There are 2 protein chains.
Amino acid sequence: MLKYQQIAMDIEKYIEEHQLQQGDKLPVLQTLMTQFNVSKSTITKSLDLLEKKGIVFQVRGSGIFVRRNKRKGYISLLSNQGFKESLEDFNVTSKLLALEVRKPTPEAAQNLNMPSDGEVYYVKRIRYIDGKTLCIEESFYNKSIIPYLNKEIVSESIFDYIMEGLGLKRGFSDLYLYAGMLNEEEAEYLGLFTGAPKLCVETIFHLTNGQPFDFSKVTYHYEQSQFFIQANSYLFEQETT
Amino acid sequence: MLKYQQIAMDIEKYIEEHQLQQGDKLPVLQTLMTQFNVSKSTITKSLDLLEKKGIVFQVRGSGIFVRRNKRKGYISLLSNQGFKESLEDFNVTSKLLALEVRKPTPEAAQNLNMPSDGEVYYVKRIRYIDGKTLCIEESFYNKSIIPYLNKEIVSESIFDYIMEGLGLKRGFSDLYLYAGMLNEEEAEYLGLFTGAPKLCVETIFHLTNGQPFDFSKVTYHYEQSQFFIQANSYLFEQETT
């Protein structure tokens, strides 16, 4: 981790520990520089990262302010850690239903941009939150990129293994989200009736070189899942300047 | 619009016109500088903006590449223009159901961080896509920030009016998303049965100074609505470096 990223984490911790609320002002740059014993350029980079992550917002000529606390129990759609981080106050567990090497489904092959006669690791899990069923998760890992997975890796963090164990670098992701009705199998897993609402999130994860390595489909229990996104103003720069 | 923003739009147009696909490489910096007749610092800022917007990705030492074309018919959750831009190939129309000054609901007052005896403009609309019902939209605008709205403004773009007419600057947004079952009234509007799935998106829009000015609740027809998010790698910088 680079210096400015460490400082960004420290500032985030500072905000949490002091229970700062939306609109609360952070100390001025000079004070932060002294407090964390870093240069102006480092602290500026740290604050830019925090702004991108939706932790703070900067008002020109006025200062740096804390963004609203998220609603409790909402899952961040843009967080790396997925529900683990968002739901840290909850007990999230999972049960492995399948872990096998197989041919990709046509849909998985297309989304992974791989030949349909290639091989993937297929992982199917149920996730629970405080003992209640949160979601069914199916993931397809391109085996030519992720050559090995086992039960132990899957029961810990697959992503930690991919990044640290295999030394791969994670890049951008494409998320697709829609609602629908549960089929019989999904309803049984989630403990709901066939035809009940479902919320599905499909994600294509890429390496920094743009190669897709994981296609995942998650079907959420609509009563246990709520999502949030903290969107940034730079997305609207063209319209507001 | 600033120079680098204009150039970013031009590059986006170039990508569209040349029908570049995911993984296609853009010309090198020097060529782009010559082609658009701008400095290196401008072109770099343009490319950074395009990366933030999910249009391109940069691979260190290798070049700038185009990101995958979105799936057709998906609505960007992070786009400024909302479904207008995402669904530009479709005919999106709307019908105004209500436009009135009233007290905010307790929920709206809380999300707008305003007193419950203050006043809001309440706007309720149905949106159609190619003649089919897409969603029901309810918005609450804090009247102390948006002092005036009328039918004409509402039938055009309220946001254009707020930015250009009132000269306000739009900042970050908080989005909350969940699935549920339609109640009787919603089902009637959407032409579905009571208890059918619904996808709800609540958004709190803020000015650049952090003040919330609009709280909106949109209930989508689950068969007409699908969403996508192009997430960036900087969100994972801490884990991948």
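Throughout this document, residue positions are counted from 1 along each chain, in the order its sequence is written. Ligands are numbered from 1 and chains lettered from A, in the order in which they are written. Local features are withheld for residues below a pLDDT of 70 in this predicted model, meaning they are given only at 70 or higher, and side-chain atom pairs are given and counted only at 80 or more; totals for whole chains, interfaces and linings count all residues. Hydrogens and waters are ignored; side-chain quantities use all the structure's heavy atoms.

- In the annotation of an unreviewed UniProt entry, the entry for chain A reads GntR family transcriptional regulator, and the organism field reads Bacillus siamensis.

## Thoughts on the overall build of chain A
Point 1. Under the DSSP-based scheme used, a helix requires at least four consecutive residues in state H or I and a strand at least two consecutive residues in state E, with every element numbered from the N terminus. Looking only at helices and strands, chain A has nine helices and 10 strands in total.
Point 2. Dimensions of chain A along its principal axes, counting C-alpha atoms only, are 55 × 40 × 40 Å.
Point 3. Remark: exposure states derive from per-residue accessible area (1.4 Å probe, protein chains only) relative to the maximum for the residue type, with buried under 20%, exposed over 50%, and partly exposed in between. Buried residues in chain A amount to 53% of all 241 residues.
Point 4. When contacts within chain A are restricted to residue pairs at least 6 apart in sequence, long-range pairs at least 24 apart make up 57% of them.
Point 5. As presented, chain A carries roughly 11,200 Å² of accessible surface, and 46% of it is formed by carbon and sulfur atoms.
Point 6. Neither His nor the chain termini are counted; the positive set is Lys and Arg, and the negative set is Asp and Glu. Just so you know, the charge point we use is NZ for Lys, CZ for Arg, CG for Asp and CD for Glu. Both charge centroids of chain A, one from 27 positive and one from 31 negative side chains, sit 4 Å from each other. Contacts were defined at the residue level, with two residues in contact if any of their heavy atoms lie within 4.5 Å. What sets the accessible areas is the Shrake-Rupley method with a 1.4 Å probe; for residues, cover comes only from the shown protein chains.

## So, the sheet that holds strand E4 (residues 92-102) of chain A
Point 1. Pairing within the open sheet is mixed, and its eight strands lie in the order E4(A)-E5(A)-E6(A)-E9(A)-E8(A)-E7(A)-E10(B)-E3(B). Looking at strand neighbours, the two that pair on one side only are E4 of chain A together with strand E3 (75-76) of chain B, the edges of this open sheet. Strands were regarded as paired on the criterion that DSSP finds at least two bridges between them.

## Considerations on the sheet that holds strand E5 (residues 120-129) of chain B
Point 1. Here we have eight strands laid out as an open sheet, ordered E3(A)-E10(A)-E7(B)-E8(B)-E9(B)-E6(B)-E5(B)-E4(B), and mixed in their pairing. Among the strands making up the open sheet, the edge pair consists of strand E3 (75-76) of chain A together with strand E4 (92-102) of chain B.
Point 2. Only the stretch in contact is used when fitting a helix axis, every axis being a line fitted to C-alpha atoms; angles between N-to-C directions are given from 0 to 180 degrees. Helix H7 (residues 158-165) of chain B contacts E5, strand E6 (132-142), strand E7 (170-181), strand E8 (197-207) and strand E9 (212-221) of chain B of the sheet and is inclined by roughly 165 degrees relative to E9 of chain B.

## So, the confidence of the model for chain A
Point 1. Each residue carries a pLDDT value, the predictor's own confidence for that position, ranging from 0 to 100. Here chain A shows a mean pLDDT of 88. Residues at 70 or above account for 90%.
Point 2. Contacts from residues 237-241 of chain A, a stretch scored under 50 in pLDDT, to residues over four places away or in other chains number 16 contacts.

## Some remarks on the nonpolar core
Across soluble globular proteins, you tend to see nonpolar side chains buried next to one another.
Point 1. Residues Leu-77 and Tyr-220 of chain A together with Leu-77 and Tyr-220 of chain B are the most contacted members of the largest nonpolar core, which totals 46 residues.
Point 2. Contact partners of Leu-77 of chain B, with chain neighbours within four places excluded, come to Leu-77 and Ile-229 of chain A together with Leu-175, Leu-177, Val-201, Phe-227, Phe-228 and Ile-229 of chain B. The set of buried Ala, Val, Leu, Ile, Met, Phe, Trp, Tyr and Cys residues whose side-chain atoms join them within 4.5 Å is what this entry labels a nonpolar core.

## Focus on the domain arrangement of chain A
Point 1. Entries for chain A in the domain assignment read domain 1 (3-66) and domain 2 (75-228).
Point 2. Look at where the C-alpha atoms of domain 1 of chain A and domain 2 of chain A centre, and you get two points 33 Å apart. Source of the domain bounds: an automatic or database domain assignment.

## Side note on a negative patch on the surface
Residue and element names in this part refer to chain A.
Point 1. Where like charges cluster on the molecular surface, the negative patch consists of Glu-152, Glu-156, Asp-160 and Glu-164.
Point 2. Position of Glu-164 among the secondary structure elements: in helix H7 (residues 158-165).
Point 3. What makes Glu-164 exposed here is its relative accessible area of 64%. Grouping into patches uses exposed residues only, defined as over 30% relative accessible area, and leaves out salt-bridged ones; the cut-off is 9 Å for like charges and 5 Å for nonpolar side chains (Val, Leu, Ile, Met, Phe, Trp, Tyr). Any carboxyl oxygen of Asp or Glu that lies within 4 Å of a side-chain nitrogen of Lys or Arg is treated as forming a salt bridge with it.

## Some points on helix H1 (residues 3-17) of chain A
Residue and element names in this part refer to chain A.
Point 1. With 15 residues, H1 should reach 21 Å at 1.5 Å per residue; the first-to-last C-alpha distance of 21 Å fits that figure.
Point 2. Listed as buried for H1 are Tyr-4, Gln-5, Ile-7, Ala-8, Ile-11, Glu-12 and Ile-15. Viewed along the axis of H1, the buried residues span an arc of 160 degrees, placing them on a single side of the element. H1 presents Lys-3, Glu-16 and Glu-17 as exposed residues on the side facing more than 90 degrees away from its buried surface.
Point 3. Phi turns positive one or two residues past the end of H1, at Gln-19, with a value near 50 degrees. Take the number of residues in a helix, subtract one, and multiply by 1.5 Å to get its expected span. The arc in question is traced by the directions running from the helix axis to the C-beta atoms.

## A look at the pairing of E5 of chain B
Residues and elements named next belong to chain B.
Point 1. Most of E5 sits inside the fold, with 10 of its 10 residues counted as buried.
Point 2. Strand direction decides the pairing type here: E4 and E5, joined by 10 bridges, are antiparallel. Bridge pairing links Leu-99 to Val-123 in E5.
Point 3. With 10 bridges joining them, E5 and E6 adopt antiparallel strand pairing. Bridge pairing in E6 links Val-123 to Ser-139.

## Digging into the packing of helix H2 (residues 29-36) of chain B against helix H3 (residues 40-52) of chain B
All names here are of chain B.
Point 1. Orientation of H2 relative to H3, taken along the N-to-C sense of each, is 105 degrees, at an axis distance of 10 Å. Between H2 and H3, the angle is such that the two are roughly perpendicular. Of H3, the residues touching H2 (which contributes Leu-29, Leu-32, Met-33 and Phe-36) are Lys-40, Ile-43 and Leu-47. To sort the angles, those under 35 degrees are grouped as roughly parallel, those over 145 as roughly antiparallel, those from 65 to 115 as roughly perpendicular, and the leftovers as oblique.

## Looking at the pattern of salt bridges
Residue and element names in this part refer to chain A.
Point 1. Tallied over the full model, the rule gives 14 salt bridges over all chains.
Point 2. Put simply, Lys-124 and Glu-185 hold a salt bridge, and the shortest N to O gap is 3.0 Å. In this pair, Lys-124 sits in strand E5 (residues 120-129) while Glu-185 sits in helix H8 (residues 184-190), placing the two residues 61 residues apart along the sequence.
Point 3. For Lys-124, a relative accessible area of 12% gives the class buried.
Point 4. Two residues, Arg-127 and Glu-137, come together in a salt bridge whose shortest N-O distance is 3.0 Å. With a gap of 10 residues between them, Arg-127 in strand E5 and Glu-137 in strand E6 (residues 132-142) connect regions that are remote in the sequence. Each member of the pair, Arg-127 as well as Glu-137, is classed as buried.

## Details of H2 of chain B
Residue and element names in this part refer to chain B.
Point 1. Turning to H2, its buried residues number three or more, namely Leu-32, Met-33 and Phe-36. For H2, the buried positions fall inside an angular range of 100 degrees around the axis, keeping them on one side. The exposed residues of H2 that point more than 90 degrees off its buried face are Gln-30 and Thr-34.
Point 2. In the core, the buried residues of H2 are packed alongside helix H1 (3-17) and H3.
Point 3. In the stretch just after H2, Asn-37 is the one whose phi turns positive, near 55 degrees.

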